[in-house]
Amino acid sequence: MAQTSTLPPVLRESGQREVFCGLTSIVWLHRRMPDAFFLVVGSRTCAHLIQSAAGVMIFAEPRFGTAILGERDLAGLADANEELDRLVGDLLARRPEIRTLFLVGSCPSEVIKLDLAKAAERINTRMQGRVRVVNYSGSGIETTFTQGEDGALTSLVPLLPSNPEPQLLIVGTLADGVEERFLSLFARMGLETVRTLPPRQSTDLPPVGPGTRLLLAQPFVADTVRALERRGAQRISAPYPLGVEGSCAWMAAAAAAFGIDPERVAAVLDPLAERGRRALEPLRRKLEGKRLFLLPDSQLEIPLARFLHRECGMELVEVGTPYLDRQLMAEELPLLPEGTQLSEGQDVEKQLERIRASRPDLVVCGMGLANPLEAEGFATKWSIELVFSPIHGCDQAADLAELFARPLNRRELLQWN
Amino acid sequence: MELTLWTYEGPPHVGAMRIAASMEGVHYVLHAPQGDTYADLLFTMIERRDRRPPVTYTTFQARDLGGDTAELVKRSIQQAVDRFKPEALLVGESCTAELIQDQPGSLACGMDLGVPVVSLELPAYSKKENWGAAETLYQLCRGLLKSQVPAPGTARPGPERWKEEKRRPRVNLLGPSLLGFRCRDDVRELRGLLADHGIDVNVVAPLGARPADLIRLPQADANLCLYPEVAGPLCSWLERNFGTPVVRTVPIGIGATAQFLRELCALLGLEPPELREADQRSRLPWYSKSVDSTYLTGKRVFIFADATHAIAAARIASRELGFTVVGLGTYSREQAREVRAAAKELGLEALISDDYLEVEQAMAEAAPELVLGTQMERHSAKRLGIPCAVISAPLHVQDVPARYAPQMGWEGANVIFDSWVHPLMMGLEEHLIGMFRHDFEFVDGHLSHLGGASAPAAQPVAAPVNEVPEVTPLSATPEGGALRWTASGEAELSRIPFFVRGKVRRNTEAYANERGVAEITEETLYEAKAHFSR
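Criteria and cut-off values
Residues numbered from 1 in each chain as written. Chains lettered and ligands numbered in written order. Predicted model: local features only at pLDDT ≥ 70, side-chain atom pairs only at ≥ 80, totals over all residues. Heavy atoms only, no water. Helix = DSSP H or I, 4+ residues; strand = E, 2+ residues; numbered from the N terminus. Buried < 20%, exposed > 50% of the residue type's maximum accessible area, 1.4 Å probe, protein only. Contact = heavy atoms within 4.5 Å. Areas by Shrake-Rupley, 256 points an atom, 1.4 Å probe, with all protein chains shown as cover. Patch = residues over 30% accessible without salt bridge, like charges linked within 9 Å, V, L, I, M, F, W, Y side chains within 5 Å. Salt bridge = Lys/Arg side-chain N within 4 Å of Asp/Glu carboxyl O. Pairing = 2+ DSSP bridges. Axes fitted to C-alpha atoms, helices over the stretch in contact; angles between N-to-C directions. Buried area = accessible area lost by both parts, 1.4 Å probe. Nonpolar A, V, L, I, M, F, W, Y, C, P; charged D, E, K, R; others polar.

## So, the overall build of chain B
Right, on to step 1. When its secondary structure is counted, chain B shows 23 helices and 17 strands.
Right, on to step 2. Counting across all 534 residues of chain B, residues that qualify as buried make up 56%.
Right, on to step 3. Contacts in chain B between residues far apart in sequence, at least 24 positions, make up 70% of those at least 6 positions apart.
Right, on to step 4. Working note: accessible area of chain B is about 22,900 Å², and carbon and sulfur atoms make up 51% of it.

Structure follows, in structure tokens:
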């Protein structure tokens, strides 16, 4: 399906980045796996970051926390290890429902070289299987925002049981409802063995082996894919399931990988696509011809740009991405219109200057920039909503488009005289 | 190492950001990794600021660590100065940068930038946000004013020099900042209050001040230390070095506002304020004396906040509203002494903690009817089913209201009366619904006069006693035997106001356990009541 288009050289920038670090992905991961606990080993800044990013909307007894390093921990690593063991012991005693404990590395723990892999090993031995302890890094010096999920999933791969049987494994967190919908659609096509990583229970880990074909629900799981490939799995190359086109191509690619009759696939997908396009129509009228500028944030920018251009008729001024993974974007890049300016990395001041110069109709950005841009007269859409909302699949295509149409509608609604 | 789930305060560099963002013409270069830029959203989302905080982050990455991060710092500093042309530059580091010891402050000082540079050393592993804010404000003022400090032994002008200089007295309002509780409105209220007494405002800092304004700080006849968490160290330094006297009474509540005015007028040599002023300017005294406020008498209130607002709330609650303060605490360790003193006056021991779970536990044990706290306590109180009013930072977007809603001064007292009493009245309403639930209108909770399908017309009276299961099994008691509430016990318990029901249940169970009673009847409940009231 991929026709090739020519894109100008990618604008590579290094400067101030206005992007969350990988710790932030805990905000959705802990909801996905309610029997897991995410313990960041870091500073007060880490605790404050997660709290601020999560907002108070999930202020319950949270399934994440921060082991805040103090001056004494910095003075001697031996003590820090002992302290961590003590703290984990207390935590697990108080929260017996925890089945998997993720020890999450942070900038300070990486810099002082606190070995969380060793710590996980130590605690695993001590817990004797009652709780599984794994570790990964969500530090800002190594990961951006959604990459934290990649780290968390990678840390689970060694725990997956082996099974050579054919199965489809969906990789990357989807909203529960969306996931169920995909599973039922695959079942209608005759694809019965479909598993997901992350699972809904951290103990219900999917198997992996030479019969496993990987279908990526999210574009930020590169390390997870490599780890799964080392265990014999093979990746299905497909665009991401955003929009009618992307979702259909995504499901069709999976069906094709399992040799399912294309007619049967079409019988399932065609009515969905037709309905999805119908639902999109009024939104397309709203968005058509509007100029869009995406700042780097969630790593979803390229698939979103593809959807908003091809299905909603938006013009792409600039498509920023924290980092460009050409392999995982292989099916997406050719679908971008000719001349699309991609940018990788960020120098936020320069990027804001480009926004001011190009006057887009809508800017997709993080929460730190949204109100200041609104005050400058730009309509904005916060990107963080995209990682919380059910946006994947044909049935969600119109909802996804609506997220972008809403700021524009609102501007038309408001009047002051 | 300490386990933290939710925190009251951010790291100290966020305190420094609050100072920089509160001011005009100040820029802050922060040596920090990617991710630390999250702090921008505190200002742009919670405070709904229309511009980014004036902060440049170096956003170093792992690959920079092998190379020359000091060069990155210098480049960021130069770019920030060139782009933003600040009148004063703050340079500091966040927790991670502190570990790699690039000393950005010293680097900046060696750069000949043509602007005053203040190097901030805010120990991220031992200090917190409010300390960082106070230290930053102090260091910034000290840096800008140190050349003006008179030599030791120089005669200092007295607070009454305005008389000789034939002008009105003038004061500085110190401490209001972004992400502080209702600071914007407190400043407006105090400006009015001071104007009414013929007092001018010299400088408000940090909120809205420029570096040039800070240089004028010593021209004031007195400093008003409005938020000691932020302004305490600066006020003390100005007092020591410039001889400027400080009024430390925080004018929140009727009594404190009156005391504040008395102290200030006495200090400046002005006529003392009229006693009637409070009654004329605020409705709180009359509302509190009015007959329907009698139901406020002795209401049990639990207070947890920053020190400024906790102390103020304890005074208002106990003296001006006739509540009984059953718990008082703060997360502001720097001001623990003052809060302990306030608690002692009320016969309490102050809770000094930054562990919200410890606070929740203390709250549950105190069995209050109203909680005055932060957003954390609001959530804890909700879980416990207790009404709550928020009185202090840390802020939620709803703590930055569109309307004028100060805490200080006469209008502040009005705002406080409304915002504390309304949740209680809602609580009372719930109680009344509980009392009247035998009436068929209340069987399903609130029913509208519009009627509707939910009206249980067919079964008008469903006595709750019949709805209670015969015996309610309970979790195992500490001794291992299971306690049971009989239907009569449950029915009696359900007649007790909801906000003390939990406490009565616990007391009764404790009593039953102590006596080895396995079944709790209505009689057990009354025996326990008599036992505990002794």
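Next, the rest of the story.
## Looking at the side chain of Asn130(B)
Residues and elements named next belong to chain B.
Right, on to step 1. Looking at where Asn130 falls in the secondary structure, it is placed in helix H7 (residues 129–145).
Right, on to step 2. Accessibility expressed as a relative area gives 9% for Asn130, which makes it buried.
Right, on to step 3. Once residues lying within four places of it in the same chain are set aside, the contact partners of Asn130 are Glu9, Arg18, Glu229 and Tyr331.

## Notes on a nonpolar patch on the surface
Residues and elements named next belong to chain A.
Right, on to step 1. Taken together, the side chains of Leu413, Leu414 and Trp416 make up a nonpolar region of the molecular surface, amounting to roughly 410 Å² of accessible area.
Right, on to step 2. In this structure, Leu413 sits in helix H15 (residues 397–413).
Right, on to step 3. Accessibility expressed as a relative area gives 63% for Leu413, which makes it exposed.

## Considering the sheet that holds strand E9 (residues 246–247) of chain B
Residue and element names in this part refer to chain B.
Right, on to step 1. Across the sheet, 4 strands lie side by side as E7-E6-E8-E9; this open sheet has parallel pairing. The open sheet has two edge strands with one neighbour each: strand E7 (200–205) and E9.
Right, on to step 2. In this sheet, E7 lies alongside strand E6 (residues 170–174) in parallel orientation, the contact comprising 5 bridges. Paired with Leu173 across the strands is Val204, a residue of E7.
Right, on to step 3. Packed onto the sheet, helix H11 (residues 228–242) meets E6, strand E8 (222–225) and E9 and runs at close to 160° relative to E8.
Right, on to step 4. Contacts between helix H12 (residues 254–268) and the sheet are confined to E6, E8 and E9, with E8 contributing the most and set at about 165° to the helix.

## A closer look at the environment of Ala310(B)
All names here are of chain B.
Right, on to step 1. Within the fold, Ala310 resides in helix H15 (residues 307–320).
Right, on to step 2. Using a relative accessible area of 0% as the deciding quantity, one classes Ala310 as buried.
Right, on to step 3. Expressed as a C-alpha distance, the spacing of Ala310 and Arg248, which sit 62 residues apart in the sequence, is 15 Å.

## Points about the interface of chain A and chain B
It is common to give the size of an interface as the accessible area that goes away when the parts come together.
Right, on to step 1. Counting residues at the interface gives 62 residues for chain A and 53 residues for chain B.
Right, on to step 2. For the pair chain A and chain B, the summed buried area comes to about 5,100 Å², and 62% of that belongs to carbon and sulfur atoms.
Right, on to step 3. If you look at where chain A meets chain B, you find 2 salt bridges.
Right, on to step 4. Between Glu353(A) and Arg83(B) there is a salt bridge whose closest N-O contact spans 2.5 Å.
Right, on to step 5. Secondary-structure elements contributing two or more residues to the side of chain A that touches chain B are strand E2 (36–42), helix H2 (44–54), strand E3 (64–68), helix H3 (71–75), helix H4 (77–94), helix H5 (107–111), helix H13 (348–358) and helix H14 (367–375) of chain A.
Right, on to step 6. A breakdown of the residues in the side of chain A that touches chain B according to their chemical character gives 33 nonpolar, 16 polar and 13 charged.
Right, on to step 7. Pairing of E3(A) with strand E1 (residues 2–4) of chain B involves 3 bridges; the strand directions are antiparallel. Directly across from Ile68(A), in E1(B), lies its bridge partner Glu2(B).

## Focus on the pattern of salt bridges
Two side chains bearing opposite charge may form a pair once their charged atoms approach each other closely.
Right, on to step 1. All chains considered together, the criterion is met by 53 salt bridges over all chains.
Right, on to step 2. In this structure, the salt-bridge partner of Asp354(B) is Lys128(B), at a minimum N-O distance of 2.4 Å. Of this pair, Asp354(B) sits in the loop between strand E12 (351–352) and helix H17 (356–366) while Lys128(B) sits in the loop between strand E5 (117–119) and H7, and the two are 226 residues apart along the sequence. Each member of the pair Asp354(B) and Lys128(B) is classed as buried.
Right, on to step 3. Here Arg184(B) ties to Asp185(B) by a salt bridge, and the two come within 2.8 Å at their closest N and O atoms.
Right, on to step 4. Counted as one network, the salt bridges with shared partners bring together Arg32(A), Asp176(A), Glu179(A), Glu180(A) and Arg200(A).

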